[in-house]
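# Reading the structure
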Amino acid sequence: MSNPRSDPKDGDAVNWRSASLWAQTPMAHYPSFQTDRSADVVVVGAGITGLLTATLLARSGADVVVLDRHDIGGVATRNTTGKITALQGTVYRTIRGARGPEVAAEYAAAQLDAVDGIRGVVEDLGIECALTEAPAFTYATEPDSLTQARDEHEAALAAGLPVRWVTETDLPFPVAGAVRLDHQLHFDPEAFCAALAAALGSERVAGQSPVMQVQEGRDGCTVLIDGGAKLTAGHVVIATQAPIVDPALLANRCTPMQSYALAARIPGAVPDGMYLSCDRSVRSLRPAFVDGAVIAVVGGEGHHMGEGAATSARWDGLAEWTAERFGGVEVTHRWATHDLVASDHVPFIGRLSPGSQRRWVATGFAKWGMTNGYVAAKLITEAIGRRQLPWSSAFDATRIASTVNRELVSIGKTATAHLVVDRLVRRAAPRCSHQGCVLQEDAALGTSDCPCHGSRFDADGAVVQGPAIAPLSRRP
């Protein structure tokens, strides 16, 4: 098989809307709302988090409306690797170190509940999304990473996950050791979102509806859409990955991360399991199904957004790793994804700020948005109904103390460099419409990216991804 370079053909940028393997799923068109409307709950964001939240709210009897700046499937959801698993690299040793063993256990319980919850939604609605059960592995091939993997095994067991330590896998290369968790899932996330939107119906779902303001009063909320339509609701859920309304500065307490994926045909059989290494060069692997054939989805090369090697080189790195391990590679799709990582490594889910009673938020998923999207949907649905789950406090979006740590100091230093130093060095460079940080161009994706808080803009200056809501003002 060939080992093609991953540069966009003819120098064209890869389109975030259509590049990923999942974006090949035909999506129905949901037009914007042109007139005012009222609802019990307005959900802003039509990725997996927003659509699951709307689905659970509708089941509880709420009149719910979903809005998205783009189309159904959001930005991050259509560019994920589509893993649904409670085993997430070395997350449990990380959370235990940052928040303690009790929070790690609460996080684990929430993730296990999410795997079962998504399975249940697929079964209840009869969704065709290639949902497949598979074991998940966190594996090591290097001495240093072996120590991390053993630590993760211990931390995951202590947190309540039924994991096992193994040295044999179905990978075609040896591993020093691995943590294994059975009965996890993978799927086509875009097909899942399409089915959720269809079940909600066109009267409840609107695309091409950029939200410009979300105001909260004693008796309810007002949502203003670009173009003039106004929605009123008892509650509003901000499910836009990075919060477009952020009075508590949640985005400022997160690191924006970028990572990469490709789909490829490889010689021989694609391993059945879902894999994530904890080596210095992290690699993700899972099987996927295209026209009856099994192909590999390979991910990795993560880095702080707006920094590091060019995107095309990152894809090359994934292709080269795949060719070396599997004997060849024929890349069919390549894409990139972005997410926020909270400074204490647990998502912010719940009330938008200490003073909010009617605005809710879900952010900081650290690239585990499939399970955490369900966690957010269930937590917020229960909270709106004035109920709590056993793990509600672990995710409390109004927490402050645990997020004020060394990582927050590092986040602040990075933001200062891009906000102050870059302005002096690159005076003519475009600045983010969110908080004014100097943007970094990503030619392979055709975007200008904010290294401070993760906003992205297309070549025309339009918002691709928040927390920014206003387009760029092009400087002369």
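Our structure is the block above this text.
In short, a report on the structure. (Residues numbered from 1 in each chain as written. Predicted model: local features only at pLDDT ≥ 70, side-chain atom pairs only at ≥ 80, totals over all residues. Heavy atoms only, no water.)

## Let's talk about the overall build of the chain
The line we're drawing: Helix numbers and strand numbers start at the N terminus; a helix is a DSSP run of H or I with at least 4 residues, a strand a run of E with at least 2. We compute the radius of gyration over the C-alpha atoms and compare it with the globule rule, which gives 2.2 Å times the number of residues raised to the power 0.38. Burial classification: accessible surface area is computed with a 1.4 Å probe over protein chains only, and a residue below 20% of its type maximum counts as buried, one above 50% as exposed, and the rest as partly exposed. The criterion used for residue contact is that any of the two residues' heavy atoms lie within 4.5 Å. To be clear on the numbers: accessible area is Shrake-Rupley with a 1.4 Å probe, and residue cover counts the displayed protein chains and nothing else. Positive: Lys, Arg. Negative: Asp, Glu. His and the chain ends are not part of the count. A charge is said to be at NZ when it belongs to Lys, at CZ for Arg, at CG for Asp and at CD for Glu.
Per the secondary structure count, the chain includes nine helices and 21 strands. In terms of overall dimensions, the chain is globule-like: its C-alpha atoms have a radius of gyration of 21 Å, near the 23 Å expected for 476 residues. Here the chain holds 476 residues, and 59% of them are scored as buried. Taking contacts inside the chain between residues at least 6 apart in sequence as the whole, the part at least 24 apart equals 71%. As displayed, the chain has an accessible area near 18,500 Å², and 49% of this comes from carbon and sulfur atoms. Of note, the chain has its 43 positive side-chain charges centred 6 Å away from the centre of its 51 negative side-chain charges.

## Some details on the state of the cysteines
Inclusion rule: Only a pair of cysteine sulfur atoms within 2.5 Å qualifies as a disulfide here.
Counting across every chain of the model gives one disulfide. Paired through a disulfide, Cys437 and Cys452 show a sulfur-sulfur distance of 2.1 Å. Handedness of the Cys437-Cys452 disulfide follows from its S-S torsion of about -100 degrees: it is left-handed. Of the two residues, Cys437 is situated in the loop between α9 (406–425) and β18 (440–442) and Cys452 in the loop between β19 (447–449) and β20 (456–457); the sequence distance between them amounts to 15 residues. With no disulfide of its own, Cys193 has Cys129 as its nearest cysteine by sulfur position, at a separation of 9.7 Å.

## Here's the deal with unusual backbone geometry
Comment: phi is negative for the bulk of residues other than glycine, and the bulk of peptide bonds are trans. Going from Gly466 to Pro467, the amide bond is cis rather than trans, its omega being 25 degrees. Looking at where Pro467 falls in the secondary structure, it is placed in the segment after β21 (463–465). Phi angles above zero are rare outside glycine, and Gln208 is one such case at about 50 degrees. Mapped onto the fold, Gln208 is located in the loop between β7 (205–206) and β8 (211–216). Residue class for Gln208 comes out partly exposed when judged on its relative accessible area of 37%. Despite not being glycine, Leu249 has its phi angle at roughly 55 degrees, a positive value. Considering the arrangement of structural elements, one finds Leu249 in the loop between β10 (230–238) and β11 (254–265). When its relative accessible area of 42% is taken as the criterion, Leu249 is described as partly exposed.

## Quick word on helix α4 (residues 143–159)
We count it as follows: Given a helix with a known number of residues, its expected span is that number minus one, times 1.5 Å.
Over its 17 residues, α4 runs 24 Å from end to end, which matches the ideal 24 Å to within 8%, given 1.5 Å per residue. Of the surrounding elements, those touching the buried residues of α4 are α2 (91–99), α3 (101–125), β4 (132–140), β5 (164–166) and β6 (177–186). The first or second residue beyond α4 is Gly160, which carries a positive phi of 105 degrees.

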